[in-house]
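# Topology and contacts: notes
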Amino acid sequence: MKMFKIFLIVLLFSVLTPIVKGNSDTNRVVNYSFVPNVETYVRLGLKILHINAVNIVITNLDPNFKSSFEKGIDLEGYVSRKEGGYIIHVLKGLTKHELITIISHELIHIKQYETNELIVCPDAIIWQGRDLTALNEWDYESRPWEADAFNNEQVIRKQLKNLR
Ligand SMILES: [Zn+2]
């Protein structure tokens with residue numbers, strides 16, 4: 001009888017374990033960039049933001065794209081939405097502080113996309129239900145989704161900094 005109980009407990013545990021694992025992290029994060037361990041920050045950031053079931057590829061930021069970007073902006077990273085997931089482009093050689101800041105910022109953009117707060121189509125930009133297509137010509141930092149990202153990135157940044 002005692003053996004049977006132990007058997008039951010083991011069986012129950014082996015059934016429950018994959019379910020618990022599946023619930024805690026359903027995101028797929030792959031790092032193809034030169035920046036080591038950056039996926040750890042991305043995974044934790046997604047957890048903090050309660051984002052589940054997204055596919056993210058981290059890749060190097062192309063220096064040519066960096067130099068073609070708007071004047072006066074020192075581009076260290078950006079996120080692009082692709083069918084089935086996101087690509088985070090990150091510059092190599094950043095300090096830990098810069099890296100955490102950029103990852104926190106891009107994760108807020110992913111949150112905006114996931115909640116449909118921000119919808120970017122080839123010919124339209126909708127922010128919080130308002131058509132702001134014409135406003136994309138604004139200064140980078142005046143764009144409301146950027147202001148939102150700068151305001152909210154601190155919440156993740158603080159927690160990522162504590163990570164060893
Ligand atoms: Zn941004």
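Here the structure is a predicted model, which means the values were calculated and not measured. (Residues numbered from 1 in each chain as written. Predicted model: local features only at pLDDT ≥ 70, side-chain atom pairs only at ≥ 80, totals over all residues.)

In this section: the pairing of strand 6 (residues 124-127). Relative to strand 6, strand 5 (residues 118-121) runs antiparallel, the two sharing four bridges. Opposite C121, over in strand 6, you have A124 as the bridge partner. Counting the residues between successive antiparallel strands, the hairpin from strand 6 to strand 7 (residues 130-131) contains two residues, one of them, Q128, with a positive phi of roughly 50°. (Pairing = 2+ DSSP bridges. Helix = DSSP H or I, 4+ residues; strand = E, 2+ residues; numbered from the N terminus.)

Our focus in this paragraph is unusual backbone geometry. A positive phi angle, close to 60°, is found at N116, a residue other than glycine. By the secondary structure assignment, N116 is in the loop between helix 4 (96-114) and strand 5.

So, about the sheet that holds strand 4 (residues 85-90). The pairing of strands in a sheet comes from backbone hydrogen bonds and takes either a parallel or an antiparallel form. Strand order in the open sheet formed by four strands is 1-2-4-3, with mixed pairing between adjacent strands. At either margin of the open sheet sits one strand with a lone partner, and together these are strand 1 (28-31) and strand 3 (77-82). Taken over all neighbouring pairs, the strand axes of this sheet differ in orientation by 20° on average, direction set aside. For strand 2 (residues 55-60) and strand 4, the ladder comprises five bridges, and the chain directions are parallel. Within the sheet, the bridge partner assigned to I56 lies in strand 4 and is Y86. In the packing of helix 2 (residues 38-48) onto the sheet, contacts are made with strand 1, strand 2 and strand 4, and the angle to strand 1 comes to roughly 160°. In the packing of helix 4 onto the sheet, the strands contacted are strand 3 and strand 4, and the crossing angle to strand 3 comes to about 25°. (Axes fitted to C-alpha atoms, helices over the stretch in contact; angles between N-to-C directions. Contact = placed C-beta atoms within 7 Å.)

What follows concerns the environment of L107. Here L107 is to be found in helix 4. Put simply, L107 and Y41 are 66 residues apart on the chain and 9.9 Å apart in space, counted from C-alpha to C-alpha. In contact with L107, not counting residues within four places along its chain, are G45, L46, L49 and I156.

Right, let's talk about the nonpolar core for a bit. V38, V42, I88, V90 and I103 are the most contacted members of the largest nonpolar core, which has 24 residues in total. Counting residues per element, the ones that place at least two in this core are helix 2, strand 2, strand 4, helix 4 and helix 5 (144-161). Top element by residues in this core is helix 4. It accounts for seven residues. (Core = buried A, V, L, I, M, F, W, Y, C linked by C-beta atoms within 7 Å. Buried ≥ 20, exposed ≤ 12 C-beta atoms within 10 Å, placed from the backbone.)

Further remarks concern the packing of helix 2 against helix 5. How two helices pack is summed up by the angle between their axes together with the distance between the axes. Close contact between helix 2 and helix 5 brings their axes to 10 Å; oriented N to C, the two are set at 130°. As summarised for this structure, helix 2 and helix 5 are arranged oblique, according to the angle between their axes. Every pair of crossing elements has a handedness; the one defined by helix 2 and helix 5 is right-handed. Contacts between helix 2 and helix 5 involve Y41, L44, G45 and I48 from the first element and I156, Q159 and L160 from the second. Residues that form the contact of helix 2 with helix 5 fall into these classes: five nonpolar, two polar and no charged. (Parallel < 35°, antiparallel > 145°, perpendicular 65-115°, else oblique. Left-handed = near helix turned anticlockwise from the far one by under 90°. Nonpolar A, V, L, I, M, F, W, Y, C, P; charged D, E, K, R; others polar.)

Take helix 5 next. With 18 residues, helix 5 extends 26 Å from end C-alpha to end C-alpha; this agrees with the ideal 26 Å at 1.5 Å per step. Residue E153 marks the point of greatest curvature in helix 5, where the axis turns by about 35°. Close packing links the buried residues of helix 5 with helix 2 and helix 4. (Expected span 1.5 Å × (residues − 1). Bend = angle between axes of the 7 residues up to and from the residue.)

Moving on: the packing of helix 2 against helix 4. Their axes nearest at 10 Å, the elements helix 2 and helix 4 cross at an angle of 40°. Here helix 4 runs oblique to helix 2, going by the angle between their axes. Helix 2 and helix 4 meet at a crossing whose hand is right-handed. Residue-level inspection shows V38, Y41, V42, G45 and L46 of helix 2 in contact with helix 4, the latter providing L99, I100, I103, S104 and L107. Classifying every residue of the contact of helix 2 with helix 4 by side-chain character gives eight nonpolar, two polar and no charged.

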